[in-house]
Amino acid sequence: MLVEMIDICKVYPPNVVALKHVDFSLERGEIHALVGENGAGKSTLMKILSGLIRPSFGEIRVNGQRVQINSPVVAARLGIGMVHQELALVGSLRVYENVVLGSEPSRFGLLQPQKSSQMVKQLAERFGLNVDVDAITQELSVAGRQKVEILKQLYRNVDILILDEPTAALTPQESEELFDEMFKLRERGKTIVFVSHKLDEVLKISDRITVLRKGEKIATVKNDGSISAAQLAEMMVGKRIELVSIKARRPAGDPVLVVKDLSLVDRTSGKKLLDGVNLTVHAGEVVGIAGVEGNGQNELIEVLIGLRKPTSGSIKIMGEDVTNLDPRQRRAFIAYVPQDRKNVGLALKATIMENLIMTHHMNPPLRRKWLLDKSVAKDFASRLIKDFEIVCRGPFEKVQNLSGGNQQKVVVAREISLNRQLILLDQPTRGLDVASTQYLRDQVLMLRDSSKAVLLVSADLDELMDLSDRIYVMRSGRIVAELDPRTVDKTVVGYHMLGVSA
Amino acid sequence: MNHVRPILQTILAIVFAFLVAAIFILLHRSSPFEVYGALYQYGLGSWFSFSNTLNAAFPLILTGLSASIAFMSGVVNLGQHGQFLWGALVCAVLGVYLRLPSWLAVPLLAILGGLAGAAWAGLAAFFKRRYRMDEFISTLMLNFLAEYMTLYLATYPFLDPKAYVPATRLIRPEYFMTGVFGVNVAFFVAFFMVFLCWWFAWRTWQGYEARMMGYNKLFATVGGCDVESDTTLILLFSGFLSGLAGALLILNGTQHRFTKGIGANFGWDGVMIAIMANNGVFQTFFYALFMGFLKNGAVGMEFETSVPSEFVMFLQSIIVLTLVGTRSGIASLTDWLRAKRELGKLVK
Ligand SMILES: Nc1ncnc2c1ncn2[C@@H]1O[C@H](COP(=O)(O)OP(=O)(O)OP(=O)(O)O)[C@@H](O)[C@H]1O
Ligand SMILES: [Mg+2]
């Protein structure tokens, strides 16, 4: 055994038990998947292995030797590197600087930015990760930043690579490329831990699978074709879950969102980020936006919510021109799940309740003239925590103590319950486990059936195909196609995304 | 239990801070008993010294609140000093010329002083809205402006010809605020403002918006908070509190006039108290009292013992630093102990 984690327990101070007597092992040259519901303890276990946090109990052996992994530096010395679920990059640095940070190539003590940039570019090409290495990191989308995190560990050439939900924001093509690279790494004797909620991916690429449930290890199984996604899901949850939803659909109603000739020009570079976008979303339909990440989807959403002013064009919601309204005024019509929960969707240091009542706080019953009704707020928060099965110790816990998926549930719960006419969903299922994803999808379809208009941006093409009634494809800031997911299949959408003819 | 634990931790930290300072007193070849005896005697020991401590604390409470309310909302108002001076000057000048029955004039003067402070902070709000100027820099610069402008006004147009230093005339004696058993009425006003601030921050929806803005501005913006108005409101409110401190010091202090160098450190002490208090409202109140106690007790340490006044300042700093340092240490220690207990249940 390359790595053995024996009888690991973790109690987060003061009293959150996150892991109970977990055994976990890695063999050289395997891809080991780690699965479990939101809050099961996956990230915790991997943070312990990568030295970010310490176990409360238990021991770790690497190559049979007992080790104390007290810091990421020690982990790095042991050849262990981790790509974290919650992205932590220096926003003001360029991508390649972030990648090489801490182990920059240098000559005679001087940094070599040219060389770094070149090396990182080659690395990105080799691994098929489509990202502009010279861009300023904070201008990238979540998916872009995710790729930077992956490159960062690949650059360090570690022996044991831990990937905590690396594909949550990647497009299927990018995931494929990443998997190919993972296979190559495996051939070279590297070991990879892969955390994911996408069970088909897990079954496709891993050699062994470990299932965690509520801090306990349920099993480690060999992935030799004897296990199915349904069985895995059952192990994770402890009961059978239904994975299908029925798509009963009513004809679409009046237009809710009408976007005309929307353009956005980047002031510094003069680049057209949005170029004459026209689109309409009707009441009672889900409209998907497909596209390779970085083709204007981000900007479109930011313009729609009012964070950026369009250079030209107009936006109408329910017949009213909102082009010049600020986000606050637009919020009267729009529910919005941003892709970046950490920076946009949540106040991590505030309590779950304070996060859940945002935007709701503007209207009764929460707002009573000057006041905010505390008891209504508490009941409201408790209800959402229950409905969305947010794993926590109550409405007054801080959001930063929640697992990634549970943080996402806070955002989703708040916005879905807003009851607005237009719902913007930007990667809404990022980090959600199977059951929560299912729950969200059902909610979205329910909203659609109650005549709401939903605009869905997702890197997950399957999700788009399953949920959408119509799909717009975006490329280079333009809408290049409008497709009906019932008549075309995934590959056709893919062709349009890449701009090659079918 | 949730509230009791931090209080106990703070008390422990205070005890520890005094122990650490005691070591320095020993190094200075003085007796800690003697020094702390004097501190206690002058800061808390009798009703007289206790009420003096409260009286010393009221401007600190207000400037501390001013900083806390701003910082908790992510608004960096560092202009307490300038806002304080304007509050004091406006109150001092109007207190000379205004002729009204005192039951009306006194509250009016206090409020006008507060409004003067608010107006001064309002300038920063205006610059921010109009020219996107960071309030961090504008409030800081406005301090210098306020200092010179108020000094000018006190030296030339409103100078008391009989004074030896730049100072305005005494305000009308019937406007002097009194005390209740030696405790200034101004203290009760400050106490009331503590509750008002708490109520604002934790009960009103704009207080909620302001706090969320302090946690994450982008989150608040996207969530539909009116970030611009909230920032303006906070600056005005924060300025009002500092201005009120200035006005009350004129009405209820010892001088009853605006002199050069009045309230020298109240502004910056307020910022420091807010930081010690983690921008908590009641914590601010507590630490302002604590600072008032140290200040008042320091007088005793100088009078009664052989330690020089510089050393007293040094001791104050040691106490504050150790207190802040150990407080979080003790908190993580108790958390760690509780985690151990929880683990004990798990492992047996
Ligand atoms: N810093 C923390 N303080 C307190 N509790 C924490 C902290 N971090 C995580 N937890 C708790 O520990 C448990 C396990 O969290 P962890 O992040 O390991 O879950 P996960 O399996 O990675 O879930 P997800 O799929 O949502 O990412 C959760 O109940 C979470 O609330
Ligand atoms: Mg996780």
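Residues numbered from 1 in each chain as written. Chains lettered and ligands numbered in written order. Predicted model: local features only at pLDDT ≥ 70, side-chain atom pairs only at ≥ 80, totals over all residues. Heavy atoms only, no water.

A. Looking closely at the overall build of chain A. A tally of helices and strands in chain A yields 17 helices and 24 strands. A compact globule built from 502 residues should have a C-alpha radius of gyration of about 23 Å, and chain A, at 23 Å, falls within 12% of that. Principal-axis analysis of the C-alpha atoms gives chain A an extent of 70 × 55 × 45 Å. By the burial criterion, 55% of the 502 residues in chain A qualify as buried. (Helix = DSSP H or I, 4+ residues; strand = E, 2+ residues; numbered from the N terminus. Rg over C-alpha atoms; globule rule 2.2 N^0.38 Å. Buried < 20%, exposed > 50% of the residue type's maximum accessible area, 1.4 Å probe, protein only.)

B. Spotlight on the overall build of chain B. Broken down by element type, chain B carries 13 helices and 2 strands. Principal-axis analysis of the C-alpha atoms gives chain B an extent of 75 × 60 × 35 Å. Within chain B, the proportion of its 348 residues that are buried is 54%. Of all intrachain contacts in chain B linking residues separated by at least 6 positions in sequence, the fraction that spans at least 24 positions is 78%. Of the roughly 16000 Å² of accessible surface on chain B, 70% is carried by carbon and sulfur atoms. (Contact = heavy atoms within 4.5 Å. Areas by Shrake-Rupley, 256 points an atom, 1.4 Å probe, with all protein chains shown as cover.)

C. Structural view of the coordination of the magnesium ion (ligand 2). Residues and elements named next belong to chain A. Here the magnesium ion (ligand 2) is held by the protein donor atoms Ser43 (OG) and Gln85 (OE1), which lie 2.0 to 2.2 Å from it. With serine 43 in helix H1 (residues 42–49) and glutamine 85 in the loop between strand S6 (80–83) and helix H3 (95–100), the pair connects residues that are 42 residues apart, well separated along the chain. Residue classification places glutamine 85 among the buried residues on the basis of a relative accessible area of 10%. (Donors = N, O, S within 2.8 Å, 3.2 Å for Na, K, Ca; no water.)

D. Focus on the sheet that holds strand S12 (residues 216–222) of chain A. All names here are of chain A. Spatially, S6-S9-S10-S3-S11-S12 is the arrangement adopted by the 6 strands of the open sheet, whose pairing is mixed. Two strands bound the open sheet, and with one partner strand each, they are S6 and S12. Averaged over all pairs of adjacent strands, the angle between strand axes in this sheet comes to 15°, irrespective of strand direction. The pairing of strand S11 (residues 208–213) with S12 spans 6 bridges and is antiparallel. (Pairing = 2+ DSSP bridges. Axes fitted to C-alpha atoms, helices over the stretch in contact; angles between N-to-C directions.)

E. Representation of the environment of alanine 118 of chain B within the structure. Residue and element names in this part refer to chain B. On the secondary structure map, alanine 118 appears in helix H5 (residues 102–131). Classification of alanine 118 as buried rests on a relative accessible area of 8%. Alanine 118 sits 163 residues away from valine 281 along the chain, and the two C-alpha atoms are 19 Å apart. Filtering out sequence-adjacent residues up to four positions away, alanine 118 remains in contact with Leu236, Gly239 and Phe240.

F. A look at empty space enclosed by the protein. Evaluation of the coordinates by the stated rule reveals 7 cavities of 30 Å³ or more. The calculated volume of the largest cavity comes to roughly 140 Å³. Glu293, Gly294, Gln297, Gln427 and Val457 of chain A are, among the 16 residues lining the largest cavity, the residues nearest its centre. Taken together, the residues of the lining of the largest cavity sort by class into 5 nonpolar, 9 polar and 2 charged. When residues are assigned to domains, the lining of the largest cavity turns out to be shared by domain 1 (3–237) and domain 2 (255–498) of chain A, each giving three or more. Estimates place the volume of the second largest cavity at around 70 Å³. What lines the second largest cavity is simply Met353, Glu354, Ile357, Leu372, Asp373, Lys374 and Ala377 of chain A together with Trp202, Thr204, Tyr208 and Arg211 of chain B. Mapped by element, the contributors of at least two residues to the lining of the second largest cavity are helix H12 (352–356) and helix H13 (374–387) of chain A together with helix H8 (205–215) of chain B. In terms of residue class, the lining of the second largest cavity is built from 6 nonpolar, 1 polar and 4 charged. (1 Å grid on protein atoms, 1.4 Å probe; cavity = no way out; pocket = protein on both sides within 12 Å on 5 of 7 lines; lining within 4 Å. Points joined across faces, edges and corners; volume = space filled by probe spheres on them. Nonpolar A, V, L, I, M, F, W, Y, C, P; charged D, E, K, R; others polar. Domains from an automatic or database assignment.)

G. Representation of the site of ligand 1 within the structure. All names here are of chain A. Residues in close proximity to ligand 1 total 21 residues, the closest being Lys42, Ser43, Thr44, Ser403 and Gly405. One of the backbone N or O atoms of glycine 41 is found 2.9 Å from an oxygen atom in ligand 1. Here serine 43 contributes a side-chain N or O atom positioned 2.7 Å from an oxygen atom of ligand 1. Coverage of ligand 1 by the protein amounts to 90% of the 640 Å² it exposes when considered alone. The set of elements that each furnish at least two residues to the shell around ligand 1 consists of strand S2 (16–26), H1 and helix H14 (404–416). Residue classes in the shell around ligand 1 are distributed as 6 nonpolar, 12 polar and 3 charged. Shared between two domains, the shell around ligand 1 takes at least three residues from each, and those domains are domain 1 (3–237) and domain 2 (255–498). (Near = heavy atom within 4 Å. Polar contact = N/O pair within 3.5 Å; in protein donor to acceptor, adjacent residues only side chain to side chain.)

H. A look at the nonpolar core. Core analysis: the biggest nonpolar cluster contains 157 residues, and Phe18 and Ile61 of chain B have the highest contact counts within it. For this core, the leading source of residues is helix H10 (residues 227–252) of chain B, giving 13 residues. Each residue touching isoleucine 61 of chain B, except ones within four places of it in the same chain, is listed here: Phe187, Ala190, Val194, Thr284, Phe285, Ala288 and Leu289 of chain B. Judged by nonpolar contacts, the second largest core, of 46 residues, contains Leu140, Val148, Tyr155 and Val202 of chain A. (Core = buried A, V, L, I, M, F, W, Y, C linked by side-chain atoms within 4.5 Å.)

I. How the structure looks around the domain arrangement of chain A. Residues and elements named next belong to chain A. For chain A, the assigned domains are domain 1 (3–237) and domain 2 (255–498). Of note, the centres of domain 1 and domain 2, computed from C-alpha atoms alone, are 28 Å apart. At the interface, 29 residues of domain 1 touch 28 residues of domain 2. Of the roughly 2200 Å² buried between domain 1 and domain 2, counting both surfaces, carbon and sulfur atoms make up 49%. Three residues, Asn38, Glu86 and Val142, lead the burial of domain 1 against domain 2; their summed loss comes to 26% of the area buried on that side. Summed over the shared surface of domain 1 and domain 2, the result is 1 salt bridge. A salt bridge links aspartate 340 to arginine 145; the nearest nitrogen and oxygen atoms lie 3.0 Å apart. Residue assignment for the side of domain 1 that touches domain 2 shows that the elements contributing at least two residues are helix H5 (142–156) and helix H6 (172–187). For the side of domain 1 that touches domain 2, the element with the most residues is H5, which contributes 5 residues. (Buried area = accessible area lost by both parts, 1.4 Å probe. Salt bridge = Lys/Arg side-chain N within 4 Å of Asp/Glu carboxyl O.)

J. Structural view of the pattern of salt bridges. Summed over all chains, the structure comprises 34 salt bridges over all chains. A salt bridge links arginine 211 of chain B to glutamate 354 of chain A, with the nearest nitrogen and oxygen atoms 2.6 Å apart. On the criterion of chain membership, the pair formed by arginine 211 of chain B in helix H8 and glutamate 354 of chain A in helix H12 is interchain, its members lying in two chains. Residue classification places glutamate 354 of chain A among the buried positions, given a relative accessible area of 5%. With a shortest N-O distance of 3.3 Å, arginine 486 of chain A and aspartate 484 of chain A are connected by a salt bridge. Connected through shared salt-bridge partners, Glu27, Glu30 and Arg208 of chain A make up one network.

K. Summary view of the interface of chain A and chain B. Contact with chain A, which involves 38 residues of that partner, is made by 28 residues of chain B. Roughly 3000 Å² is buried in total at the junction of chain A and chain B, and carbon and sulfur atoms are behind 68% of that figure. It is Pro14, Glu354 and Met358 of chain A in chain A that bury the most area against chain B; as a group they hold 19% of the surface buried on that side. On the surface where chain A and chain B come into contact, there are 2 salt bridges. Elements that contribute at least two residues to the side of chain A that touches chain B include exactly strand S1 (3–12), S2, helix H10 (327–330), helix H11 (341–345), H12 and strand S20 (371–372) of chain A. A per-class count over the side of chain A that touches chain B returns 20 nonpolar, 8 polar and 10 charged.

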